[in-house]
Amino acid sequence: MPSDLTLRPARESDAEDLVQLINIAGEGLPLFIWEMMREEGEEVWDTGRRRARRAQGSFSYTNATLGMVDGNVVALMMGYPLPDVPTPIDYAGMPPLFVPLQELENLVPASWYVNVMATYAPHRNRGFGLRLLEEAERIARTGHCPMLSIITSDSNPALRLYQRFGFEEVTRRAIEKGGWEYHGSEWVLLSKSL
């Protein structure tokens, strides 16, 4: 375990680091989504911060654990338990971009879902991602979840880290880009039994 990394729950005041790290993890997809969700007169990053400050919902500071070095945020893990019963998909109403992601989530009900993993570039390759995955597993075990799950893209270098940590591939779905410029082609669902 990295000796200089400490973990703490995120706070509402951490919204700026949350949106930066979430966008890093999502390789620009969050910014693309926030652009579609902007309220009148709102800047796109403000949309992300507004959503991060919510106390409810999956994209909330309440689901985030921050990695800290010398009092500064360097990494983020955001996760939560998925429902026991898969979410029905409204194929006519749900934006096509989200359909494959929801299909994959529905394959791992009751798992503890790692939605976001990111480290600021100057702090990478120091074991912080592994430490955050260990924390995700600890939280999942405490909550009696039978497995961890994560969705990443086929082009994400972190895929190797997840596999070394014991995640196994479940299945894949094609990425529906809908105008999002991205080099990956498939979403990869991974799980790890606990």
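Look up a bit, the structure's there.
Anyway, here's the lowdown on the structure attached to this text. Only a predicted model underlies this, so the values are computations on that prediction, with no experimental measurement involved.

**Things to note about the pattern of salt bridges**
Then comes step 1: One pass over the full model with this rule turns up 14 salt bridges.
Then comes step 2: Among the salt bridges present, the one from Asp14 reaches Arg8, with a minimum N-O distance of 2.8 Å. Across the pair, exposure class does not vary: Asp14 and Arg8 are buried alike.
Then comes step 3: For Arg131, the salt bridge is made with Glu135, and the minimal N-O distance between the two is 4.0 Å. Taken together, the residues span about one helical turn, with Arg131 and Glu135 both in helix α5 (residues 128–142) at a distance of four residues.

**Describing the packing of aromatic side chains**
Then comes step 1: Enumeration according to the criterion identifies seven aromatic pairs in this entry.
Then comes step 2: The interplanar angle of 40° and the centroid separation of 5.8 Å between the aromatic rings of Trp34 and Phe59 together place this pair among those described as tilted. Of this pair, Trp34 sits in helix α2 (residues 29–37) while Phe59 sits in the loop between α3 (44–52) and β2 (64–69), and the two are 25 residues apart along the sequence.
Then comes step 3: Among the residues examined, Trp34 registers a relative accessible area of 4% and is labelled buried.
Then comes step 4: Under the relative-accessibility criterion, Phe59 is labelled buried at 10%.
Then comes step 5: For the ring pair Tyr80 and Tyr113, a centre distance of 5.8 Å and an interplane angle of 70° mean the geometry is edge-to-face. Separated by 33 residues along the polypeptide, Tyr80 in strand β3 (residues 72–81) and Tyr113 in strand β4 (residues 112–119) bring together distant segments of the chain.
Then comes step 6: Tyr80 sits in the buried class, given a relative accessible area of 12%.
Then comes step 7: In this structure Tyr113 comes out as buried when scored by relative accessible area, which is 5%.
Then comes step 8: Taken together, Trp34, Trp45 and Phe59 form an aromatic cluster joined through their ring pairs.
Then comes step 9: Between the NZ or CZ atom of Lys192 and the centre of the ring of Phe165, over which it lies, the distance is 3.8 Å.

**A look at the sheet that holds strand β1 (residues 6–9)**
Then comes step 1: A sheet is described by the order of its strands in space; here seven strands give the open sequence β1-β2-β3-β4-β5-β7-β6, paired in mixed fashion. Looking at which strands have only one partner, the edges of the open sheet turn out to be β1 and β6 (168–174). Mean inter-strand twist for the sheet, computed between neighbouring axes without regard to direction, equals 25°.
Then comes step 2: In the sheet, β2 pairs with β3 via six bridges, with the strands oriented antiparallel. The residue bridging Thr65 from the neighbouring strand is Met77, located in β3.

**Observations regarding the packing of helix α1 (residues 15–25) against α3**
Then comes step 1: Packing of α1 against α3 brings their axes to within 9 Å, and their N-to-C directions diverge by 110°. For the element pair α1 / α3, the angle class is roughly perpendicular. Crossing of α1 over α3 shows right-handed handedness. Across from Ala15, Glu16, Leu18, Val19, Gln20 and Asn23 in α1, the residues of α3 making contact are Trp45, Gly48, Arg49 and Ala52.

So, how was this worked out
- Residues numbered from 1 in each chain as written.
- Predicted model: local features only at pLDDT ≥ 70, side-chain atom pairs only at ≥ 80, totals over all residues.
- Heavy atoms only, no water.
- Salt bridge = Lys/Arg side-chain N within 4 Å of Asp/Glu carboxyl O.
- Buried < 20%, exposed > 50% of the residue type's maximum accessible area, 1.4 Å probe, protein only.
- Helix = DSSP H or I, 4+ residues; strand = E, 2+ residues; numbered from the N terminus.
- Phe/Tyr/Trp six-rings, centres within 6.5 Å; stacked < 30°, edge-to-face > 60°.
- Lys NZ or Arg CZ within 6 Å of the ring centre and 35° of its normal.
- Pairing = 2+ DSSP bridges.
- Axes fitted to C-alpha atoms, helices over the stretch in contact; angles between N-to-C directions.
- Parallel < 35°, antiparallel > 145°, perpendicular 65-115°, else oblique.
- Left-handed = near helix turned anticlockwise from the far one by under 90°.
- Contact = heavy atoms within 4.5 Å.

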